[in-house]
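Chain by chain, the residues:
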Amino acid sequence: MTRNLANWDRAARLILGALLILLALTGTIGAWGYLGLIFVATAFVSFCPLYRIVGIKTCSDC
């Protein structure tokens, strides 16, 4: 897996993912909020499979 996420992209994914998970845990939104786990996971590994398929790289040094 080659890195394809910039630091700002990773931070945005981490914040969005954590927010979705928190909203799902509190019952504010349905179980689909647990999709935030995908955002958190891709933020930690610095790789997004969908970006690779589409050919997107948000980092300038990779």
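Residues numbered from 1 in each chain as written. Predicted model: local features only at pLDDT ≥ 70, side-chain atom pairs only at ≥ 80, totals over all residues. Heavy atoms only, no water.

> How should I be thinking about the overall build of the protein chain in this particular structure?
Of regular secondary structure, the protein chain possesses 3 helices and 0 strands. Mapped in sequence order, the helices and strands of the protein chain form the string α-α-α. The C-alpha extent of the protein chain, read off along each of the three principal axes, is 40 × 20 × 15 Å. Element-wise, carbon and sulfur atoms account for 71% of the exposed surface of the protein chain, whose accessible area totals about 4,200 Å². (Helix = DSSP H or I, 4+ residues; strand = E, 2+ residues; numbered from the N terminus. Areas by Shrake-Rupley, 256 points an atom, 1.4 Å probe, with all protein chains shown as cover.)

> For this particular structure, what's the right way to read the packing of helix α1 (residues 7-25) against helix α2 (residues 36-45)?
For any two helices packed against each other, one specifies the crossing angle of their axes together with the interaxial distance. Following both chains from N to C, one finds α1 and α2 inclined at 150°, their axes separated by 7 Å at the closest point. What the angle tells us is that α1 and α2 run roughly antiparallel. Read as a crossing pair, α1 and α2 show a hand that is left-handed. On α2, the residues that touch Arg10, Arg13, Leu14, Leu16, Gly17, Ala18, Leu20 and Ile21 of α1 are Gly36, Leu37, Phe39, Val40, Thr42, Ala43 and Phe44. Each residue belonging to the contact of α1 with α2 can be placed in one class, and the counts come to 10 nonpolar, 3 polar and 2 charged. (Axes fitted to C-alpha atoms, helices over the stretch in contact; angles between N-to-C directions. Parallel < 35°, antiparallel > 145°, perpendicular 65-115°, else oblique. Left-handed = near helix turned anticlockwise from the far one by under 90°. Contact = heavy atoms within 4.5 Å. Nonpolar A, V, L, I, M, F, W, Y, C, P; charged D, E, K, R; others polar.)

Don't take any of this as a statement about function, it's just geometry.
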